[in-house]
Amino acid sequence: LNRRLAEFGTTIFAEMSALAVRTGAINLGQGFPDTDGPEEIREAAVRALRAGHGNQYPPGPGIPELRTAISAHQQRRYGLLFDPDTEVLVTAGATEAIAASLLALLEPGDEVVALEPYYDSYAACIAMAGGKRVPVTLRPHEDSFRLDLDELRAAVTDRTRLLLINTPHNPTGTVLTREELTAIAELAVERDLLVVTDEVYEHLVFGEAEHLPLAGFPGMRERTVTIGSAGKTFSFTGWKVGWVTAAPELVAAVRSAKQFLTYVSSGPFQYAVAEALALPDTYFTAFRDDMLAKRDLLATGLAEAGFKVFRPAGTYFVTTDIRPLGTALSQEGDGFAFCRALPERAGVVAIPNAVFYDHRDAGAPFVRFAFCKRTEVLEEAVKRLKALA
Ligand code: PMP
Ligand code: GLN
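Fair warning: this is a prediction, and the values are worked out from it, not measured in the lab.

Rules used in this analysis
- Residues numbered from 1 in each chain as written.
- Chains lettered and ligands numbered in written order.
- Predicted model: local features only at pLDDT ≥ 70, side-chain atom pairs only at ≥ 80, totals over all residues.
- Helix = DSSP H or I, 4+ residues; strand = E, 2+ residues; numbered from the N terminus.
- Rg over C-alpha atoms; globule rule 2.2 N^0.38 Å.
- Buried ≥ 20, exposed ≤ 12 C-beta atoms within 10 Å, placed from the backbone.
- Contact = placed C-beta atoms within 7 Å.
- Pairing = 2+ DSSP bridges.
- Right-handed = clockwise from strand over helix to strand, strands pointing away.
- Axes fitted to C-alpha atoms, helices over the stretch in contact; angles between N-to-C directions.
- Left-handed = near helix turned anticlockwise from the far one by under 90°.
- Nonpolar A, V, L, I, M, F, W, Y, C, P; charged D, E, K, R; others polar.
- Near = placed C-beta within 6 Å.
- Domains from an automatic or database assignment.

Asker: Is there a simple way to explain the overall build of the chain in this structure?
Answerer: What the chain contains, in helices and strands, is 15 helices and 15 strands. Rg of the C-alpha trace for the chain: 20 Å, near the compact-globule value of 21 Å for 389 residues, within the 12% margin. Counting only C-alpha atoms and orienting by the principal axes, one finds that the chain spans roughly 55 × 55 × 45 Å. When the 389 residues of the chain are sorted by exposure, 50% land in the buried category. A separation threshold of at least 6 residues defines the contact pool for the chain, and within that pool the share at least 24 residues apart is 72%.

In structure tokens, the structure reads:
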């Protein structure tokens with residue numbers, strides 16, 4: 001393994017899912033639903049496959065039907081207009097969109113300011129592109145993690161090429177507010193930065209919180225690469241259909257990298273996702289409400305089990321602080337040690353947030369649980385975690 005990748009080893013998701021299989025524990029680690037998305041969308045994929053749609057290489061930028069559906073979705077939800085021919089690119093999940101964007105837009109040595117904790121592929125892709133990551137730490141305030149705007153401004157140097165934003169944010173569940181996004185946009189304009197924004201959890205936002213796409217802020221439309229994914233919104237994480245929307249020059253750049261990574265992917269699934277994006281608003285509302293009920297079940301259960309809970313405004317993850325469990329049970333507040341021991345002790349798998357930090361100490365006591373699981377599975381997990389104390 002070369003020096004750029006040596007520090008990354010195996011992704012925590014593979015490690016913890018393997019641990020769940022080995023121990024038979026309930027897997028609240030890796031974020032994937034245990035129930036597939038809508039039956040009619042699964043049927044649409046079968047129909048496409050049977051009709052021979054997409055069984056051979058689809059067009060490089062994605063099939064026109066899907067690019068049109070992505071564009072229509074951005075317009076319907078946010079009033080943002082993207083030309084399906086020049087401003088939309090279909091990718092092999094958001095993962096490839098992230099990789100292709102960073103490979104296309106970074107010069108070696110360029111700095112990327114990213115919110116810490118960050119989704120693990122960001123660090124690896126910045127490294128593969130020869131860039132340097134500059135983390136800005138989200139800090140716990142009462143029951144959420146917040147961005148310090150002064151720290152963000154201070155992180156930008158003459159070598160900064162882009163800001164890598166994620167809202168709703170994995171793993172903290174933070175949804176950036178209008179004020180925070182306005183400040184990010186002003187900074188990007190003032191320092192002439194590109195912004196790559198990972199908005200894969202755009203439809204999983206609860207209560208008062210609202211998802212606002214960064215591309216909609218003044219001065220951002222031409223400098224922002226927005227990333228979305230069908231995996232999260234339609235509960236088909238195995239289909240690996242993601243996308244990028246951006247100005248034509250940015251989409252052309254990302255496409256240049258994408259064509260040598262996968263060229264194309266997910267032929268028949270692209271047809272199905274085109275139909276999924278056109279589902280009525282009732283689908284999106286019901287999906288969100290269902291996930292909100294699961295959030296409340298798990299968040300309440302974890303609090304009753306003795307964890308400090310940061311009640312997420314978005315995503316399907318809840319971050320906890322394990323220290324209130326006590327020195328012995330929390331392994332002295334070491335989330336890694338806690339998560340390695342948890343399957344044996346409680347039959348539950350979770351993710352130590354420290355893996356998403358450069359400042360490991362800042363992330364040490366935090367542990368993430370996924371709630372995109374059936375009610376009875378969450379209830380059983382809560383029961384087991386309560387028995388820990
Ligand atoms: N970004 C974030 C923040 C994610 O949580 C995930 C998936 N867990 C991805 C990107 C990757 O999405 P996909 O499965 O579409 O590649
Ligand atoms: N995005 C999912 C999570 O955060 C996992 C994706 C993966 O396994 N790479 O848990």
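Asker: What's the story with the pairing of strand β7 (residues 160-166) in this structure? I'm lost.
Answerer: The side chains of a regular strand alternate between both faces of the sheet. Among the seven residues of β7, six are classified as buried, and the element is accordingly described as predominantly covered. With four bridges connecting them, strand β3 (residues 111-116) and β7 associate as parallel partners. Directly across from E111, in β7, lies its bridge partner T160. Considered for its hand, the β-α-β crossover made up of β7, helix α8 (residues 178-190) and strand β8 (residues 194-198) is right-handed.

Asker: I would appreciate a short explanation of the packing of helix α5 (residues 93-105) against helix α6 (residues 120-128) in the present structure.
Answerer: Two quantities define a packed helix pair, namely the angle between the axes and the distance from one axis to the other. Contact geometry for α5 and α6: axes closest at 9 Å, N-to-C directions at 30°. Between α5 and α6 lies a crossing whose hand is right-handed. Packed against α5, whose contacting residues are T95, I98, A99, L102 and L103, the element α6 presents S121, Y122, C125, I126 and M128 at the interface. Along the lines of polarity and charge, the residues of the contact of α5 with α6 split into eight nonpolar, two polar and no charged.

Asker: I tried to follow the site of ligand 1 on my own but got confused; where do I start?
Answerer: Looking at ligand 1, there are 14 residues lining it, with G93, A94, T95, N170 and S229 nearest. Among the elements that line the shell around ligand 1, the one with the most residues is α5, at three residues. Considered class by class, the residues forming the shell around ligand 1 number three nonpolar, nine polar and two charged.

Asker: Quick question: what am I supposed to make of the site of ligand 2 here?
Answerer: Around ligand 2, the surrounding shell consists of T11, F13, Q30, G31 and N170. Its residues assigned to classes, the shell around ligand 2 shows one nonpolar, four polar and no charged.

Asker: It is not clear to me how the domain arrangement of the chain should be interpreted in this structure. Could you clarify?
Answerer: A common measure of how large an interface is: the accessible area buried when the components associate. Here the chain is partitioned into domain 1 (3-30 + 282-386) and domain 2 (39-279). Between domain 1 and domain 2, the C-alpha centre-to-centre distance is 24 Å. At seven residues, the largest contribution of residues to the side of domain 1 that touches domain 2 is made by helix α12 (residues 281-304). In terms of residue class, the side of domain 1 that touches domain 2 is built from 19 nonpolar, seven polar and six charged.

Asker: Please clarify how unusual backbone geometry should be interpreted in this entry.
Answerer: Most peptide bonds are trans, and most residues other than glycine sit at a negative phi. A cis geometry characterises the amide bond from T167 onward to P168, with omega recorded as -10°. Within the secondary structure, P168 is located in the loop between β7 and α8. P171 follows N170 through a cis peptide bond whose omega is 15°. Relative to the helices and strands, P171 resides in the loop between β7 and α8. If you check the backbone angles, E142 has positive phi at about 50° while not being a glycine.

Asker: Is there a simple way to think about the environment of R161 in this case?
Answerer: Relative to the helices and strands, R161 is located in strand β7. Counting along the chain gives 29 residues from R161 to K132, while the straight-line C-alpha distance between them is 9.9 Å. Those residues in contact with R161 that lie beyond four places of it in its chain are L105, L106, D110, E111, V112, L193 and L194.

Asker: Sorry if this is basic, but what is going on with the sheet that holds strand β11 (residues 308-310) here?
Answerer: Each strand in a sheet pairs with its neighbour through backbone hydrogen bonds, running either in the same direction (parallel) or in the opposite one (antiparallel). Read across the open sheet, the four strands follow the order β11-β12-β15-β14; overall the sheet is antiparallel. In this open sheet, the two edge strands, each paired with only one partner strand, are β11 and β14 (351-352). Pairing of β14 with strand β15 (residues 366-370) involves two bridges; the strand directions are antiparallel. Looking at β15, one finds that P352 is bridged to V367.

Asker: When you look at the packing of α5 against helix α10 (residues 248-261) in this model, what are you seeing that I'm missing?
Answerer: Direction vectors running N to C along α5 and α10 enclose 115°, while the axes themselves pass 8 Å from each other. Crossing geometry of α5 relative to α10 is assigned as right-handed. For the pair α5 and α10, contact is made by E96, A99, A100, S101, L103, A104 and L105 and by A253, V254, S256, A257, K258 and L261, respectively. Classifying every residue of the contact of α5 with α10 gives nine nonpolar, two polar and two charged.

Asker: What's the story with the environment of T86 in this structure? I'm lost.
Answerer: Relative to the helices and strands, T86 resides in the loop between α4 (64-78) and β2 (88-92). For T86, a count of 15 C-beta atoms within 10 Å corresponds to the partly exposed category. The sequence separation of T86 and P280 amounts to 194 residues, and the corresponding C-alpha distance is 26 Å. Each residue touching T86, except ones within four places of it in the same chain, is listed here: P248 and V251.

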